[in-house]
Structures are given as C-alpha cells and as structure tokens.
Amino acid sequence: AYTQIEETTKKQARHKKTANDYMDILKIESKHSVPPNTVLLPRGIRSKARVFVTDKTTFPSTNFFTFTTTHQKAIMLSYWMSSVFYQLENEIEGKNNKGLRKLEQINFNRLLVPNFNNMTEEQISMICNTPFNGFLDLRNPKPRPIDYAWATVLFGSNATLRLNEAVRALAILVADREA
C-alpha cells in the first residue's frame, strides 16, 4: 500500500529585497575578494586544463581554489598547475562526476607542487621565460614547451622519457573518466 503524494503547483513566495538588503549582501560578498597575483584553480574540469592569475582585485566564486602570492610565484604556480604533470595528479586525485573532474579540498590537499625555494635561478628563469601557448587539451594531450621546461626541472636527463609517460597516462585516465 502506497500513499499518493499530491503535486503542488504553488511557488515559494519571493521576498522583495530592499536597498538595505542589497547593501548587506554586497558587504558580505566584498569580504570574499582576492588581491592581484592570486592564482584561481577551477574545482571542476572537463576537457581543458585551466588556471588563471588575477591582475586586479577579483571576487571569485566558491568554484575556485585560490592562492595569493608574489607575481613571479603566481606565474610559476599557474604554469605548474597547467602542466601535464599537475593535470595527471588531478586526474588521479579528482572525483569523476559524470565526466566532470571535480576536486574537493581533501583531494586538493594531496596534490604536489614543486618547492620554488629549492629551485635555482636558472630553473626559475627557464620556467618564467617559457612561452605559455594555451591550455592543455585533456582529451588529446600533447607536450607543450612549458611541459618540457617542467620535465627538465623535475627529471633532468630523463625529462623526455618522463614527460612522454605522463602524457600517455593522462590520456588513459581522461578517456576512462569520460567513458
């Protein structure tokens, strides 16, 4: 025996906001601003690896992880987060949500980032002076100059081998996520 639930066509009453209500909302939201040189990492990704660096005060949504640092470190961090190696970590740690790779704080905390303080000036210069020529297509990853630069910093003479392994592994994991 089942109880039939009646469908309702009533809509929830809308509360008209006053000017003071809007001012209160703006005051609350203004506390969530980030300054220039903040790296914004989207929590959800489908086919393009994306990361952004702010050049002025910004009000990001909760759909981003945010990291504020110096200009040089923001550039290096964004280059790292767009690399094949970091995207491979994201595929491993992220949760598959109907083809969307989603990161929660607990997943994010397990991701690795190079310690920039342990890098030589030559390595920092190589990373910062490598042209960034677009985001990585996760469905068809191909090594970009920034990926080669990070591979050289991380693996030295084994850079090409390790980069090719990472590209292959990333392609397999993304295909599996989207299957």
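Conventions we followed
Residues numbered from 1 in each chain as written. Predicted model: local features only at pLDDT ≥ 70, side-chain atom pairs only at ≥ 80, totals over all residues. Heavy atoms only, no water. 1 Å grid on protein atoms, 1.4 Å probe; cavity = no way out; pocket = protein on both sides within 12 Å on 5 of 7 lines; lining within 4 Å. Points joined across faces, edges and corners; volume = space filled by probe spheres on them. Helix = DSSP H or I, 4+ residues; strand = E, 2+ residues; numbered from the N terminus. Nonpolar A, V, L, I, M, F, W, Y, C, P; charged D, E, K, R; others polar. Contact = heavy atoms within 4.5 Å. Buried < 20%, exposed > 50% of the residue type's maximum accessible area, 1.4 Å probe, protein only. Pairing = 2+ DSSP bridges. Polar contact = N/O pair within 3.5 Å; in protein donor to acceptor, adjacent residues only side chain to side chain. Core = buried A, V, L, I, M, F, W, Y, C linked by side-chain atoms within 4.5 Å. pLDDT = per-residue confidence, 0-100. Phe/Tyr/Trp six-rings, centres within 6.5 Å; stacked < 30°, edge-to-face > 60°.

**Student:** Help me get a handle on empty space enclosed by the protein, residues and values and all.
**Tutor:** The final tally for this structure, using the stated rule, is 1 cavity of 30 Å³ or more. If you add up the space inside the largest cavity, you get close to 30 Å³. Lining of the largest cavity is provided by L41, P42, R43, I45, R50, Q87, N90, R101 and L103. For the lining of the largest cavity, the elements supplying multiple residues, two or more each, are β1 (38-42) and α3 (84-93). The class makeup of the residues in the lining of the largest cavity is 4 nonpolar, 2 polar and 3 charged.

**Student:** Tell me about the side chain of E93, and please be specific about residues and values.
**Tutor:** Of note, E93 is situated in helix α3. The residues touching E93, leaving out its near neighbours within four places in the chain, are L103, N107, R110 and L111.

**Student:** How would you explain the pairing of strand β4 (residues 64-68) if you had to name every residue and give the values?
**Tutor:** Of the two faces of β4, only the one carrying F65 and F67 is buried; F64, T66 and T68 on the other face are not. Two elements, β1 and β4, share 5 bridges in a ladder whose sense is antiparallel. Each residue of the ladder has a partner; that of P42, found in β4, is F64.

**Student:** Before we move on, can you summarise unusual backbone geometry with the specific residues and values?
**Tutor:** With a phi close to 65 degrees, N37 is a non-glycine residue in the positive phi region. In this fold, N37 is placed in the loop between α1 (19-30) and β1.

**Student:** Report on the environment of R139, specifying residues and quantitative values.
**Tutor:** As for its placement among the helices and strands, R139 is situated in the loop between α5 (121-128) and α6 (145-155). For R139 and R46, which are 93 residues apart along the polypeptide, the C-alpha to C-alpha distance reads 8.9 Å. Each residue touching R139, except ones within four places of it in the same chain, is listed here: S47, V174 and E178. Side-chain polar atoms of R139 contact the side chain of E178, separated by 3.0 Å.

**Student:** Provide a residue-level description of the nonpolar core, including the pertinent values.
**Tutor:** Grouped together as the largest cluster of nonpolar side chains are 38 residues, with contacts concentrated most on L41, F67, M81, F108, M119, I127 and W150. Of all the elements in the fold, those that place two or more residues in this core are β1, β4, α2 (71-81), α3, α5, α6 and α7 (159-178). Looking at which element gives the most residues to this core, the answer is α2, with 7 residues.

**Student:** Residues and numbers for the confidence of the model for the protein, please.
**Tutor:** One rule of thumb: low pLDDT means the predicted coordinates there are not for detailed reading. Averaged over every residue, the pLDDT of the protein is 89; the share at 70 or more is 94%. Ranking the helices and strands of the protein by mean pLDDT puts α6 first, with 97, and strand β2 (residues 44-45) last, with 82.

**Student:** Break down the packing of aromatic side chains for me, citing the residues and quoting the values.
**Tutor:** All told, the structure shown has 11 aromatic pairs when counted by the stated rule. On the basis of an interplanar angle of 75 degrees and a centroid distance of 5.1 Å, the ring pair of W80 and W150 is categorised as edge-to-face. Of this pair, W80 sits in helix α2 while W150 sits in helix α6, placing them 70 residues apart in sequence. Summarising the burial analysis for this pair, W80 and W150 share the class buried.

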